Amino acid sequence: MQHEYKHPQIFADVLAISQLYYPLHNRFPKPFRFAVGERLLGELAECARLIILANLVDKQTTAGRSEGATFVRRLRASIEVIRGYLLVAWQQKFLSHGAITELSTRLESVSRQAARWQQWFDQATGGT
């Protein structure tokens, strides 16, 4: 019997961040939008991809759990890259205080979820 795939909450949260960010992205000055904004969108898409890949591993095997932990480590790195890009946008005054606060709060929630998920994978594989 096959189980229906269900996205974890972290996936919905990354999509919500993407939806919040996109209208802001469109208002960036053209050079910044293409140089940094496009990379930020790419990182958000990569986060969604890594979440799906981590969720699809075979969690019943050590190899699958190890692979899942690798995906989550990469996810956590992408989250930090996004934070950096947003900070640059804010420092350049392309993002308001309200926007950076909202995006940062949501990113922090995603980061905590990813940390707990990685902890689960690491404990399940016997790693640290």
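For the structure itself, look to the data block above.
Residues numbered from 1 in each chain as written. Predicted model: local features only at pLDDT ≥ 70, side-chain atom pairs only at ≥ 80, totals over all residues. Heavy atoms only, no water.

## Comments concerning the overall build of the protein
A tally of helices and strands in the protein yields 4 helices and 0 strands. N-terminal to C-terminal, the α/β element order of the protein is α-α-α-α. Dimensions of the protein, computed from the C-alpha atoms along their principal axes, are close to 50 × 30 × 25 Å. A burial count over the protein gives 39% of its 128 residues as buried. In the protein, of all internal contacts separated by at least 6 residues, the share reaching a separation of at least 24 is 76%. (Helix = DSSP H or I, 4+ residues; strand = E, 2+ residues; numbered from the N terminus. Buried < 20%, exposed > 50% of the residue type's maximum accessible area, 1.4 Å probe, protein only. Contact = heavy atoms within 4.5 Å.)

## Concerning the pattern of salt bridges
Per the counting criterion, the structure on display carries 7 salt bridges. In this structure, the salt-bridge partner of E46 is R49, at a minimum N-O distance of 3.2 Å. Residue E46 and its partner R49 are located together in helix 2 (residues 30-56), separated by 3 residues, close to a single helical turn. Exposure remark for E46: the relative accessible area of 23% places this residue in the partly exposed category. Of the charged contacts in the structure, one is a salt bridge between D122 and R73, with a shortest N-O distance of 3.8 Å. Separated by 49 residues along the polypeptide, D122 in helix 4 (residues 97-125) and R73 in helix 3 (residues 62-91) bring together distant segments of the chain. Judged by its relative accessible area of 12%, D122 falls in the buried class. A cluster of three or more residues bridged by salt bridges with shared partners is formed by E80, R83, E108 and R112. (Salt bridge = Lys/Arg side-chain N within 4 Å of Asp/Glu carboxyl O.)

## Considering helix 4
In a regular helix each residue adds 1.5 Å, so 29 residues correspond to 42 Å; helix 4 covers 41 Å between its end C-alpha atoms and thus fits that length. Of all the residues in helix 4, the buried ones are A99, I100, L103, L107, V110, S111, Q113, A114, W117, Q118, F121 and D122. Packing partners of the buried residues in helix 4 comprise helix 1 (9-26), helix 2 and helix 3. (Expected span 1.5 Å × (residues − 1).)

## With respect to helix 3
With 30 residues, helix 3 extends 44 Å between its outermost C-alpha atoms, agreeing within 8% with the 44 Å of an ideal straight helix rising 1.5 Å per residue. Turning to helix 3, its buried residues are G64, R65, G68, A69, F71, V72, L75, S78, I79, I82, L86 and A89. Here the buried face of helix 3 lies against helix 1, helix 2 and helix 4.

## Section: the nonpolar core
If you look at the biggest cluster of nonpolar residues, it comprises 34 residues, and the most contacted ones within it are L75, L86 and L95. At the level of secondary structure, the elements contributing two or more residues to this core comprise helix 1, helix 2, helix 3 and helix 4. No other element matches the 9 residues that helix 2 contributes to this core. Apart from the residues within four sequence positions on either side, L75 is in contact with I10, C47, L50, I51 and A114. (Core = buried A, V, L, I, M, F, W, Y, C linked by side-chain atoms within 4.5 Å.)

## Here we look at the packing of helix 2 against helix 3
At a minimum axis distance of 9 Å, the contact between helix 2 and helix 3 shows a crossing angle of 155°. If you check the angle between helix 2 and helix 3, you find them roughly antiparallel. Considering how the two elements wind past one another, helix 2 and helix 3 form a crossing that is left-handed. Partitioned by chemical class, the residues of the contact of helix 2 with helix 3 number 19 nonpolar, 2 polar and 5 charged. (Axes fitted to C-alpha atoms, helices over the stretch in contact; angles between N-to-C directions. Parallel < 35°, antiparallel > 145°, perpendicular 65-115°, else oblique. Left-handed = near helix turned anticlockwise from the far one by under 90°. Nonpolar A, V, L, I, M, F, W, Y, C, P; charged D, E, K, R; others polar.)

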